[in-house]
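# Survey of secondary and tertiary structure
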Amino acid sequence: MSQYSLNVCHLYGNLLNTYGDNGNLLVLDYLARQANIDFHSEIISIDEELDETQYDLFFFGGGQDFEQTIVSRDIPRKAEAITRFIENDGVMLAICGGYQLLGHYYMGADGQKIKGISAIDYYTLSQDNNRFIGDVRIVNKVFNEEYVGFENHNGMTFLGEGLQPLGRVIEGYGNNGQDQTEGVHYRNTFGSYFHGPILARNLNLAKRILITALEKKYQESFEHLFEDK
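Residues numbered from 1 in each chain as written. Predicted model: local features only at pLDDT ≥ 70, side-chain atom pairs only at ≥ 80, totals over all residues. Heavy atoms only, no water.

### Quick word on the pattern of salt bridges
Operational definition: A pair is scored as a salt bridge if a Lys or Arg side-chain nitrogen falls within 4 Å of a carboxyl oxygen belonging to Asp or Glu. Per-residue accessibility, obtained with a 1.4 Å probe over protein chains only, is compared with the maximum for each type, and a residue is labelled buried under 20%, exposed over 50%, and partly exposed between these values. Elements are defined by DSSP. Helices are runs of H or I of four residues or more, strands are runs of E of two residues or more, and each kind is numbered from the N terminus.
This structure, assessed with the given rule, holds 13 salt bridges. In this structure, Arg77 engages Asp74 in a salt bridge whose closest nitrogen and oxygen atoms are separated by 3.9 Å. Judged by relative accessible area, Arg77 falls into the partly exposed class, the value being 43%. On the accessibility criterion, Asp74 (6% relative accessible area) is buried. In this structure, the salt-bridge partner of Glu87 is Arg187, at a minimum N-O distance of 3.1 Å. Taken together, the positions of Glu87 in helix H3 (residues 79-87) and Arg187 in the loop between strand S13 (184-186) and strand S14 (189-192) put the pair 100 residues apart, joining distant regions of the chain. What makes Glu87 partly exposed here is its relative accessible area of 33%. A relative accessible area of 39% places Arg187 in the partly exposed class. A network of salt bridges, in which partner residues are shared, links Asp47, Glu49, Asp74, Arg77 and Lys78.

Put into structure tokens, the structure is as follows:
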């Protein structure tokens, strides 16, 4: 048994798995075990209590409007715990619908306004008879890293003033097709519209997420464990 471990909260994992988003956890699990890190994942879903102090990492996947609406009715009871986790520099990866629900609200394709939990300052509008679909490539200037993926979303997300995106769009549409932003990077939370899953094509980001979670938990360096992975 390893001396190191990560406990992962998979938010609404039985409902939100559009385009194989759960594959992100498979990538993290594989890389962690290659580095002899025990990796434990648990789904927390509808009508279940959330104690954020029990987890080192959150994953929040995407879904269609139907599933997101169901989640939006339950997530207010978890909002304080999720927000505390984020503000305490907990590590989170949120994709598409999960990303949207962390913001103030999003507009469904039918025009319904669905409240988020306002954990991070952004909002999402809908497009009329259009979707952003295709390959996407971005550059994260903070880490000097490039990420590639595939986007398929009706939503147009607009970040609050001063909020950093996950990256600047080089190819594709990103958050809204207007301001060259894609996703969000707030504290240790990473949000994105990349499906596919994102981490299968961007091992640099997967390693960064694992290292950040481990270093926060154990207060020591873990870069060396992933140099050859």
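The discussion continues.
### Here we look at the side chain of His10
Here is the rule: Contact definition: two residues touch when any of their heavy atoms are within 4.5 Å.
Within the secondary structure layout, His10 lies in strand S1 (residues 5-11). The residues contacting His10, other than those within four sequence positions of it, are Asn22, Leu25, Ser41, Glu42, Ile43, Ile44 and Phe59.

### Topic: the nonpolar core
Selection criterion: Remark: nonpolar core denotes a set of buried residues (Ala, Val, Leu, Ile, Met, Phe, Trp, Tyr, Cys) joined through side-chain atoms within 4.5 Å.
By size, the foremost hydrophobic cluster in this structure holds 66 residues, and its most contacted members are Phe60, Ile82 and Leu102. When residues of this core are assigned to their parent elements, the largest contribution, 7 residues, is made by helix H6 (residues 203-218). Here Phe60 is in contact with Leu11, Tyr12, Leu16, Val71, Ile75, Leu93, Ala94, Ile95, Gly98, Leu101 and Leu102, once residues within four sequence places are set aside.

### Overview of the sheet that holds S14
Note the following rule: Only when DSSP finds a minimum of two bridges between them are two strands counted as paired. Note on method: axes are straight lines fitted to C-alpha atoms, helices fitted across the in-contact stretch only, with angles between N-to-C directions ranging 0 to 180 degrees.
Spatially, the 6 strands line up as an open sheet ordered S2-S1-S3-S4-S14-S13, and their pairing is mixed. Looking at which strands have only one partner, the edges of the open sheet turn out to be strand S2 (38-44) and S13. Pairwise comparison of adjacent strand axes, ignoring direction, gives a mean angle of 15° for this sheet. Pairing geometry for S13 and S14, over 3 bridges, is antiparallel. In the strand pairing of S14, Val184 is matched with Gly191. With respect to the sheet, helix H1 (residues 23-34) is in contact with S1, S2, strand S3 (57-60) and strand S4 (91-95), its orientation differing from that of S2 by roughly 155°.

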